[in-house]
Amino acid sequence: MENLTSAAKTTIIVVFAIYTLFQFFYSFLSRQAMKKGAGSGDFMSKFYTGGRSSGVLVTAMMVSAGVAGAGVFMGVPGYTYTFGAIWMVCCFFSLCTNFMVLGLIGKRVGIVARRTKSNTFVELFMNRYENSKVFGALSCLVVLFFLGAFAVSTITGGGRIFQILTGADYRIGLAIFTALVVVAALTGGVKGVASAIVIQGIVMTISVIVLFIMGVGATPGYTATIQELMQTNTDWFVPKGIGTAISFAFLWGYTTFTMPHVTMSTLTYKDTKTLHNAIKVGAIVVAAWLLCLNGLCFTVKYLFPEGSLATPDLGIPTLAVSVMPPWAAGLVLAGVCGAVQSSVGGMIVSLAGTLVGDLYKNIIDPKVDEDKLKKLNTAGIVVVALVVFLFACNPPPLLASLITYATGGMTVAFFHTVLLGLFWKRANKEGAMAGLISGIGLYLALDLGSKAGNGLATALCLGVNPVLMATALSTAIMVVVCLATPKPPYGLVCTWFGKDYPELPEG
């Protein structure tokens, strides 16, 4: 922002402020709709599932923005700028997101969640594993720690965008952004967050397309830019190993259903027609984001030489304020910041649901009344947001590193417990607990051991990210334990796999 005039800075900030105020007003309207009974169910159901009445755009955008928030706009371009073009290729595996969440598990989760009246990710799989409080408590700890880390990485993106907009200290922007997220989450719950995502997703899609066109226009041409980079930054194009590509294809493409805030979208959609159309719309939206933002990695590398950016994560925001008119730059950054805000809002709601709905209501005090739950829910959102803010005050230099760590933790805990729980009748609570505990233990041991140069840990990783081996080994452990322990109760199997329950209504 140093090269911008005061008038240009003011224009960007004013556009950003107007857009943000509009989003607040929209969230308020969503809150009023929830109070008037839109959808079905009690307070917890309406707050955490939106009354199970979401349409195509809401469902598609919840999944898309839940995964492709600050990571796609800032984290991956920052990693690509620093370590090479291979990271750009890895990010394209995020195209699988909608297929893995809505396609692989979406319909089954939607049906069973209605049968069991489950409102959160943990509550649903607690039911699958015989309402085991031990499994529930372990799952809650995993969600609070690793999804919390994911929220830290995402909200950091909002703070850094504010830093670009104003030139002010990052922590000031982070505090303001946190307050915006809290208000949006409290006023609308999942319904407010999700409905706002539609507008923000549309604005972000248009914004990144316009930014791509204008960014490329600021260079000698796309092909010429790549050719020059190949001459001046040859090593930047050299892949760093097939293990890297395999690891991040797995983490960023095939394990997104292990993220509670993303999988919660499968608890909200209206019917199977909505689900099928959401898969198509979401795939198109994510493809547009990835093609434009990953494509701009070449432009950022060309226009901003090493050392010219405050941090590599600021490459795309810096490009926006450098090549676009102030009003357009303000709208682009506001749209992206809004999408990030909705993504964080979804995480905060999911974390609060884990803390209040799962840990307190389902494990500590099952007889708690609704009025007390409402108060605890409000307090939970504020506390979770405050903790996320405090950890985000000192973020890592590269967001993608924290995103990868958080994604890995949720993967090793829930990859097998979710898939086997949904598609294998023999899966039981003993196996689920063994898989979850061994997954986290192996992940931490292999990760810390390989970083410390331990020969055994490095050898076990086989040249890939520790999360892959930890997931494979813990899945095997879960299967063995399930086969060695009693089958789950017949009634539970009927609930999850029987056809005598009413199917999800066709559109």
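What you are looking at is a predicted structure, and each value in this text was computed from that prediction instead of being measured.

**Student:** Any chance you could explain the overall build of the chain here in plain terms?
**Tutor:** Looking only at helices and strands, one finds 21 helices and 0 strands in the chain. Split into buried and exposed, the 507 residues of the chain put 61% on the buried side. For the chain, the share of sequence-separated contacts (at least 6 apart) that also reach a separation of at least 24 residues comes to 85%. If you sum the accessible surface of the chain, you get close to 19,000 Å²; carbon and sulfur atoms cover 69% of it.

**Student:** Would you mind showing me how to read helix α20 (residues 466-484) here?
**Tutor:** An α-helical segment advances 3.6 residues per turn. Residues three or four places apart therefore align on the same side. The terminal C-alpha atoms of α20, which comprises 19 residues, lie 27 Å apart, in line with the 27 Å expected from a rise of 1.5 Å per residue. Listed as buried for α20 are P466, V467, L468, M469, A470, T471, S474, M478 and C482.

**Student:** So what exactly am I meant to see when it comes to the packing of aromatic side chains here?
**Tutor:** By the definition in use, this model includes 15 aromatic pairs. Between the aromatic rings of F121 and F125, the centroid separation amounts to 5.3 Å while the plane-to-plane angle is 50°, which identifies the pairing as tilted. Taken together, the residues span about one helical turn, with F121 and F125 both in helix α7 (residues 121-128) at a distance of 4 residues. Just as F121 is buried, F125 falls in that class too. Through a chain of ring-to-ring contacts, three or more aromatic side chains come together here, namely F212, Y222, W236, F237 and F298. In this arrangement the basic side chain of R128 is found over the ring face of W496, its NZ or CZ atom lying 6.0 Å from the centre. Over the ring of Y81 we find K301; its NZ or CZ atom is 4.5 Å from the centre of that ring.

**Student:** Got a minute to help me understand a nonpolar patch on the surface in this structure?
**Tutor:** Taken together, the side chains of L57, I202, I206 and V210 define a hydrophobic patch exposed on the protein surface, amounting to about 320 Å² of accessible area. Considering every element that reaches the nonpolar patch, the biggest residue donor is helix α9 (residues 170-217), with 3 residues. As for its placement among the helices and strands, L57 is situated in helix α3 (residues 56-67). Overall, the relative accessible area of 39% leaves L57 in the partly exposed class.

**Student:** Looking at this structure, how should I read α7?
**Tutor:** Counted residue by residue, α7 has 8 buried out of 8 residues, so it is predominantly covered. When we look at burial in α7, the residues that qualify are F121, V122, E123, L124, F125, M126, N127 and R128. Just beyond α7, the residue with positive phi is E130, at close to 60°.

**Student:** Help me out: how do you make sense of the confidence of the model for the chain in this one?
**Tutor:** Caution applies to low-pLDDT regions: their predicted coordinates should not be interpreted in detail. With 87% of its residues at a pLDDT of at least 70, the chain reaches an overall mean of 82. Of all secondary-structure elements in the chain, the lowest mean pLDDT belongs to helix α2 (residues 43-49), at 59, while α20 reaches the highest, 95. Long-range and interchain partners of residues 502-507, a stretch whose pLDDT sits below 50, account for 19 contacts in this model, where long-range means more than four residues apart.

**Student:** Would you mind showing me how to read the pattern of salt bridges here?
**Tutor:** Two side chains carrying opposite charge are able to pair once their charged atoms lie near each other. One pass over the full model with this rule turns up 3 salt bridges. Measuring nitrogen to oxygen at the nearest pair gives 3.9 Å for the salt bridge that ties E130 to K429. With a gap of 299 residues between them, E130 in the loop between α7 and α8 (133-166) and K429 in helix α18 (residues 429-451) connect regions that are remote in the sequence. When its relative accessible area of 29% is taken as the criterion, E130 is described as partly exposed.

**Student:** Which parts of the structure should I look at to understand unusual backbone geometry?
**Tutor:** If a residue is not glycine, its phi is most likely negative; likewise, a peptide bond is most likely trans. Of note in this structure, E130 is not a glycine but carries a positive phi near 60°. Positive phi is not limited to glycine here, since N131 has a value of about 55°. Look at N131 and you get partly exposed, because its relative accessible area is 47%.

**Student:** Sorry if this is basic, but what is going on with the nonpolar core here?
**Tutor:** Counting residues in each nonpolar core, the largest one holds 143 residues, and the members touching the most others are L211 and F414. Here the element with the most residues in this core is helix α15 (residues 326-364); it accounts for 16 residues. Excluding anything up to four places from it in sequence, L211 contacts L296, I316, L319, A320, V323, M324 and V332. In terms of nonpolar packing, the next biggest core, distinct from the first, is built from 7 residues, I226, L229, W236 and F298 among them.

**Student:** What's the story with the side chain of T219 in this structure? I'm lost.
**Tutor:** Note that T219 resides in the loop between α9 and α10 (222-232). The class for T219 is buried, based on a relative accessible area of 12%. A distance of 3.3 Å separates a polar atom in the side chain of T219 from a polar atom in the side chain of T225. Discounting chain neighbours no more than four positions away, the residues touching T219 are T225, T299, Y302 and L303.

**Student:** Would you take a moment to explain the environment of I226 for this structure?
**Tutor:** By secondary structure assignment, the location of I226 is in helix α10. Residues I226 and F298 lie 72 residues apart in sequence; the distance between their C-alpha atoms is 6.5 Å. When neighbours within four sequence positions are excluded, I226 is seen to be in contact with F237 and F298.

**Student:** Would you mind going over the packing of helix α11 (residues 242-254) against α20 with me for this structure?
**Tutor:** Two elements in contact, α11 and α20, have axes separated by 9 Å at closest approach and are oriented at 65°. On α20, the residues touching I246, S247, F250 and L251 of α11 are V467, L468 and T471.

**Student:** Even after reading the chapter, I still don't get the packing of α10 against helix α13 (residues 272-303), so can you show me in this structure?
**Tutor:** Working note: a packed helix pair is described by the angle between its axes plus the distance between those axes. Running from N to C, α10 and α13 cross one another at 60°; their axes reach a closest spacing of 10 Å. It follows from the interaxial angle that α10 and α13 lie oblique. You can see that α10 and α13 cross each other, and the crossing is left-handed. Here Y222, T225, I226, E228 and L229 of α10 come into contact with α13, specifically with G295, F298, K301 and Y302. Of the residues contributing to the contact of α10 with α13, the split by class is 5 nonpolar, 2 polar and 2 charged.

**Student:** I tried to follow the environment of L293 on my own but got confused; where do I start?
**Tutor:** Note that L293 resides in helix α13. Measuring from C-alpha to C-alpha, the distance between L293 and I209 comes to 8.6 Å, with 84 residues separating the pair along the chain. For L293, the residues in contact, after removing those within four places along its chain, are V72, F73, M204, V208 and I316.

How each quantity is defined
Residues numbered from 1 in each chain as written. Predicted model: local features only at pLDDT ≥ 70, side-chain atom pairs only at ≥ 80, totals over all residues. Heavy atoms only, no water. Helix = DSSP H or I, 4+ residues; strand = E, 2+ residues; numbered from the N terminus. Buried < 20%, exposed > 50% of the residue type's maximum accessible area, 1.4 Å probe, protein only. Contact = heavy atoms within 4.5 Å. Areas by Shrake-Rupley, 256 points an atom, 1.4 Å probe, with all protein chains shown as cover. Expected span 1.5 Å × (residues − 1). Phe/Tyr/Trp six-rings, centres within 6.5 Å; stacked < 30°, edge-to-face > 60°. Lys NZ or Arg CZ within 6 Å of the ring centre and 35° of its normal. Patch = residues over 30% accessible without salt bridge, like charges linked within 9 Å, V, L, I, M, F, W, Y side chains within 5 Å. Salt bridge = Lys/Arg side-chain N within 4 Å of Asp/Glu carboxyl O. pLDDT = per-residue confidence, 0-100. Core = buried A, V, L, I, M, F, W, Y, C linked by side-chain atoms within 4.5 Å. Polar contact = N/O pair within 3.5 Å; in protein donor to acceptor, adjacent residues only side chain to side chain. Axes fitted to C-alpha atoms, helices over the stretch in contact; angles between N-to-C directions. Parallel < 35°, antiparallel > 145°, perpendicular 65-115°, else oblique. Left-handed = near helix turned anticlockwise from the far one by under 90°. Nonpolar A, V, L, I, M, F, W, Y, C, P; charged D, E, K, R; others polar.

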